[in-house]
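# Observations on the three-dimensional arrangement
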Amino acid sequence: MQRYNPRDIEPKWQKVWQDTEVYKVHDNAQGQKFYHLVEFPYPSGAGLHVGHCRPYITFDVMSRWRRMNGENVLYPIGWDAFGLPAEQYAIKTGVHPAITTKTNIDNFRKQAQSLGLSFDWSREVSTADPKYYKWTQWIFLQLFKHGLAYQAESQIWWCEGLKSVLADEEVIDGRSERGDFPCERRSLRQWMLAITKYADRLYDDLDNVDYIEPVKIQQRNWIGRSKGAEVDFAVNGTDKIIRIFTTRPDTMYGATFMVLAPEHPLVKEITTPEQRQAVAAYVKQTARKSDLERQENANKEKTGAFIGVMAVNPATGALIPVWIADYVLMGYGTGAIMAVPAHDERDNDFAMKFNLPMITVVEPTETKNTDNFALHVGEGVMINSGPYNGMRSSDVREKLVADLSAKGVAIEHTNYRLRDWVFSRQRYWGEPFPIVWVRQDAAKATHKVAEWLPQTPVTKQIDGVTYQALPIPASFLPVELPDVQDFQPKGLGQGPLAEAGDWVHVWYDLTTGATKPFTDGKPGDTWVEGNRETDTMPNWAGSSWYFLRYLDPKNDHALVDSDAVNKWMPVDWYNGGMEHTTLHLLYSRFWHKFLFDIGVVNTAEPYQKRTSHGLVLAEDGRKMSKSWGNVVDPLEVVDSYGADTLRLYICFMGPFDQTVAWSVQGVAGCRRFIDRLWVLVQEFLAAQQGSEETADARLLRQVLAAANKRITFDVPRLGFNTAVAALMEAVNELYRLKREIPFSMAYTAWQAGLLDLTKLLTPFAPHVSEELWRQLGQTGSVLEAAWPVYDEADLASDTMTIVVQVNGKLRAQFAVSRSVTEAEVRELAQTNERVRPYLEGRDIKKAIYVPGRLVNFVV
Ligand code: ANZ
C-alpha cells in the first residue's frame, strides 16, 4: 500500500498549481464576485509566524470553499514593506533597507506558497515599490490640493529611542508601540492630515457596515463624539477669557471652581506672582505623564494647584477660583473645564481633596441616595438655578445655552476626541513627500503647478523667512527615495534625507513643477531655488489603500481602473487584528472616503464586513516569544507533519475568534486523521468491484450529506473547528460502514462517496485531496471541482437502521423508511442477500423483532 507522504505530495502539487495558474483570478470569470481580504504582512526578517497562519489559512479555506461553490473569489496578498525594522537593521549593518526588504519578501512568498495558500500571486503588491508608492504620493497630492494636508506646530509624541515623531495611535501608555521606548510630548512642526473633517462620516457610517461590535465600539470611542457647549468665563480683573467645553451646561449654577490643563497657554499669563513657583513645580511634575496615565490617575487621589485668580461664572455672576490639575487634558475640548463637584465625580474628588465649595443643582427624581447625596451624576429636576428651578435638567441643557448665546458667551458645540493625523516621520524607509519648499516671495506658481495648489498656501518659517510648500505634479511621480550613506536619524525634526544634499537642494520650475539638481545651474527664468521635504510618510500610508491596488496592480496611468473598482468593491470581508482598529482600519476608511469624494472609488466604505481572529498562544499558555523559547515555527510543522496537517490544525484548534494555546497533541491528531483517510482510500483502491452491487448505499450517502451540511453551514460563519470535526466524524463513520457495506458490494457508491469526501476536504487540505482525487481516477484538478450537492432526503431522519441477526450473530444491517410495517421489515430482513445464505435450507423457529432496531432469526 502506498504510504501518505506529504513531503512528496505537497511540493509536487504546489508546482503543478503554480504552472497551471489555478489561482489566477479573472475579472470576467463567471460567478458572483467575492472579495476576501486579509491584512497583508510586514515582511520581517523572522519570516512567517503562527500569528499570520490563523487568518491566512482560515480565509484560504473560505475562499476555496466559495470557489467550489461557483463564486469568483479574489484573495490577494502583498507586502506592507516600509517601516522601522528594515531601517534599524540598516543602521546596525549598513545593508540597504531595499535589499533586506526584497530578501524578506522572497522568503515570505516562498513560505506562504509552502502552506498551499491560494493567493493570486499575479496581483502581489509591495508598498515600498516606486510603482506602488507613486500612487501613495498621488493620493497625498490630492489631499494637499484639497486642503486636507497641512503643516502645524502641535503637541506630538517624540520618541527619543526611535528618534521619531509618532502618532497618538502609535503610543501606548507613554511608550512606542514599536520598540517599547519611552515617549514624551514635544511641540513640533509636522505634516498633518485633516481626518477630523471626516469625523462625523467615520462615526455615522459605522451604522452601514457589518463589523464585529467591539470594532465599532472602539472606533466610536476613538472618534469620541460628544455634544455640548463651549462657554466663556471672564478672568476677574483682566481682559482674559477662559473658554470651557461641557456636556452638561444645565449644571452651570453648580460650577464652583474652574480647572485648566497644566499646559494651557493661559496659565503662564494669568498665574499671580505669589503662585508662580508652586504652579511651575506642578506643571513640571505633570509634563512627564501621558494623557492615558493622567486619565487613569483620574481615579486616584487628585493633585492640582491654585493659580491665584478668580473667574466669573457667566450664569450666576459668582467669583470662582481657577486651578490647574492633570485630570484636565490639554488635547481635549478647550483644555479647560468648569468644575461641578455636586454632579461630576472627578470634580467631586477634587473639591473634597482641596476643600472647595459644592452646590447641588440637579435633584434626582427617584428616591434620594442618602449614602452620597452630595454626588448625583444623572438627570433630574433643577434647584438652586434661578429661573430654571423646577425644570427638567435635560430640558434646561438647550435652554441655558440659548440664553447664554444671546449674551454672546456660549455656543453649542460638538467635540471629538479624534485629532488630526500626524503624517510625517523623521525616517528614511518611507514614501518621500512630493513637495518642494520655496521662498514664499518667489513662489508665483502657474500652469500645471497651480492646478495642484491648495486654496490656502501651506507655509513654514525658518529664521524669519517664510517658505511655501509647492507640489511635484502627478506627471513627475514617483519622487523616488534617494540613496543615502547614513540611515541614522539626525535628531529632533531632521530625518536622514536631510543629508541627501543633491536630492534635497533643487531648482524648481514654477510652471511645470519639474526639478533639477541645484548644482546644475539655473535652467531658466521660471525656475526657483527650493528644498525638497525631507520627512517621509508614516508606514500607515501605503496600507491605507492597498486593497484597491490588488484590483489593478500594474496600472501605470491610474491608481486603479474604474471597471475593476466597479467589479470588485467593496471588499466583502476583511479580517485583521483588533490592534489595528483605531490605526489602519480608521485611516483607510478615511482615505477611502476621500477617494470616494474625488471620484476614484464608487463606495463610501471600503469594507463591508470586518472580523478579527483570536490570538494563538504558546503551548505553555503564554505569548509566543523568543525570550521564552516557546515560539512555534509553522514551517517546522510543515516539515514534520505536512502543510495539510498544519492547515487542518489551525482550523481545528478552537473557535476562530478566541485565544487558543498551541497543542502538539492537537497537531498530531490532525495528522492521524489524514493518515486514516488516506488508508481508507488505499483500501478501497485495492478492493475489487463485485459482479453485483447489491448493498444499500443509503447510509453512505447519509454520512457525506451530514458532513457536507455541517461544513456548508459552518465555513461562512467562521466555524472552521466544527467543520473539521464534521470531517473527522465522517471518516469515523465510513470506517464503521465499510464493515457493513463492503467495497465490492457497493463499489460505485463508495467511489462516489470517497470522491465527495475528497471534495469536502479540499478547502482544508488541498494537497492530499488532489492526490487522492487523482488516485480515484479523476483527471482535472479537485481545486476546480464543484462543491458536492447533497440530497436533503438522504439526511432525513425518516430512516432507521435495522440490524439483522441470525441466532444472535450480526449478519446484516440496512436502512428503511420509518413508515414500513413490521411485516415489511421481516420480509426485507429475510430476503437480504447477506442474510439469505444463513437461512437457506433451515427452519426459522422464531423471528424476534425489536421495533425500529433489530430482527433476530432463530433457526
Ligand atoms: C461640567 C460638567 C458637569 C461636566 C457634570 C460633566 C458632568 P465627554 O462626555 O467625554 O465629552 N471635560 C471637558 N474637557 C475636558 C478636558 N480637557 N479634560 C478633562 N475633562 C474635560 O466629557 C465631557 C465632560 O468632561 C465635560 O462636561 C467636562 O466636564 C469634562 F455634571 O462640564 B463637564
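Described in the following lines is the structure provided in the data block. Values in this document were obtained by computation on a predicted structure and should not be read as measured data.

A separate point is the sheet that holds strand S32 (residues 809-817). Across the sheet, which stays open at both edges, the four strands sit in the order S32-S31-S34-S33 with mixed pairing between neighbours. The sheet is open, and its two borders are formed by S32 and strand S33 (846-850), each paired with just one other strand. The sheet shows a mean angle of 20° between the axes of neighbouring strands, direction not considered. Direction of pairing for strand S31 (residues 799-806) relative to S32: antiparallel, over a ladder of eight bridges. What sits directly across from Thr801, in S32, is Ala815. Of the strands in this sheet, S31, S32, S33 and strand S34 (854-858) touch helix H26 (residues 822-831), which is tilted by about 60° from S34.

What follows covers the site of the ligand. Around the ligand there are 18 residues in total, and Ser226, Thr246, Leu329, Tyr332 and Arg417 lie nearest to it. Leu329 is positioned such that a nitrogen or oxygen atom in its backbone is 2.7 Å from a nitrogen atom of the ligand. Here Tyr332 contributes a side-chain N or O atom positioned 2.4 Å from an oxygen atom of the ligand. For the ligand, the protein covers 86% of the area, taking 650 Å² as the surface of the free molecule.

Pairing is antiparallel in the open sheet, where six strands are placed in the order S22-S23-S21-S26-S24-S25. The two strands at the open ends of the sheet, each matched to only one other strand, are strand S22 (459-462) and strand S25 (515-517). Each neighbouring strand pair of the sheet contributes to a mean axis angle of 40°, computed without reference to strand direction. Note that strand S21 (residues 435-439) and strand S23 (residues 465-471) share five bridges and pair antiparallel. When the bridges of S23 are listed, Arg439 appears paired with Tyr467.

In this section: unusual backbone geometry. Of note, the bond from Leu477 into Pro478 is cis; its omega dihedral lies within 30 degrees of zero at 0°. The peptide bond linking Met569 to Pro570 adopts the cis configuration, its omega dihedral lying at -5°. Residue position: Pro570 is located in the loop between helix H16 (562-568) and strand S27 (573-575). For Leu718, which is not glycine, the phi torsion reads 65° and is therefore positive. Looking at the element boundaries, Leu718 is found in the loop between helix H21 (698-714) and helix H22 (720-740). The class for Leu718 is buried, based on a relative accessible area of 17%.

Quick look at the packing of aromatic side chains now. Under the defined criterion, the tally for this structure stands at 49 aromatic pairs. With centroids separated by 5.4 Å and ring planes inclined at 85°, the aromatic side chains of Phe140 and Trp191 adopt a geometry described as edge-to-face. Of this pair, Phe140 sits in helix H5 (residues 130-145) while Trp191 is found in strand S9 (residues 183-193), placing the two residues 51 residues apart along the sequence. The structure contains a cluster of three or more aromatic residues connected by ring pairs, namely Phe140, Phe144, Trp191, Tyr198, Trp421, Phe423, Phe433, Trp437, Trp540, Tyr587, Phe590 and Trp591. The ring of Trp452 is capped by Lys145, whose NZ or CZ atom sits 5.4 Å from the centre of that ring. Sitting above the plane of the Trp628 ring, Arg622 keeps its charged end 4.3 Å from the centroid.

Counted by the stated rule, this structure contains 50 salt bridges. Residue Lys399 is joined to Asp403 by a salt bridge in which the shortest nitrogen-to-oxygen separation is 3.4 Å. Placement of both Lys399 and Asp403 in helix H12 (residues 393-406) is noted, with a separation of four residues, approximately one turn of the helix. Classification of Asp403 by relative accessible area gives partly exposed; the value is 29%. The closest approach of N and O atoms between Glu451 and Lys448, which form a salt bridge, is 3.5 Å. Taken together, the positions of Glu451 and Lys448, both in helix H13 (residues 447-451) and three residues apart, correspond to about one turn of that helix.

Before going further, it helps to examine helix H7 (residues 213-223). Among all positions in H7, only Val215, Lys216, Gln219 and Ile223 are buried. Summarising the axial view, the buried residues of H7 lie within an arc of 100°, below the 170-degree limit, and thus occupy one face. Residues of H7 that are buried sit in contact with helix H6 (199-204), strand S10 (210-211), helix H17 (584-597) and strand S28 (609-611). Positive backbone phi, approximately 55°, marks Gly224, located one or two places after H7.

Let us now look at empty space enclosed by the protein. A full pass over the atoms with the stated rule returns three cavities of 30 Å³ or more. Taken as a whole, the largest cavity spans an internal volume of roughly 90 Å³. If you go around the largest cavity, the residues you meet are Gly83, Leu84, Leu162, Leu166, Glu170, Glu177, Arg178, Arg427, Asn539 and Trp540. In this structure, the second largest cavity encloses a volume near 40 Å³. Pro41, Leu48, Tyr56, Ile77, Trp79, Phe108, Ala112, Leu117, Phe119 and Trp121 are the residues that line the second largest cavity. Residue composition of the lining of the second largest cavity, grouped by class: ten nonpolar, no polar and no charged.

Each value, and the rule that gives it
- Residues numbered from 1 in each chain as written.
- Predicted model: local features only at pLDDT ≥ 70, side-chain atom pairs only at ≥ 80, totals over all residues.
- Heavy atoms only, no water.
- Pairing = 2+ DSSP bridges.
- Helix = DSSP H or I, 4+ residues; strand = E, 2+ residues; numbered from the N terminus.
- Axes fitted to C-alpha atoms, helices over the stretch in contact; angles between N-to-C directions.
- Contact = heavy atoms within 4.5 Å.
- Near = heavy atom within 4 Å.
- Polar contact = N/O pair within 3.5 Å; in protein donor to acceptor, adjacent residues only side chain to side chain.
- Areas by Shrake-Rupley, 256 points an atom, 1.4 Å probe, with all protein chains shown as cover.
- Buried < 20%, exposed > 50% of the residue type's maximum accessible area, 1.4 Å probe, protein only.
- Phe/Tyr/Trp six-rings, centres within 6.5 Å; stacked < 30°, edge-to-face > 60°.
- Lys NZ or Arg CZ within 6 Å of the ring centre and 35° of its normal.
- Salt bridge = Lys/Arg side-chain N within 4 Å of Asp/Glu carboxyl O.
- Arc of directions from axis to C-beta.
- 1 Å grid on protein atoms, 1.4 Å probe; cavity = no way out; pocket = protein on both sides within 12 Å on 5 of 7 lines; lining within 4 Å.
- Points joined across faces, edges and corners; volume = space filled by probe spheres on them.
- Nonpolar A, V, L, I, M, F, W, Y, C, P; charged D, E, K, R; others polar.

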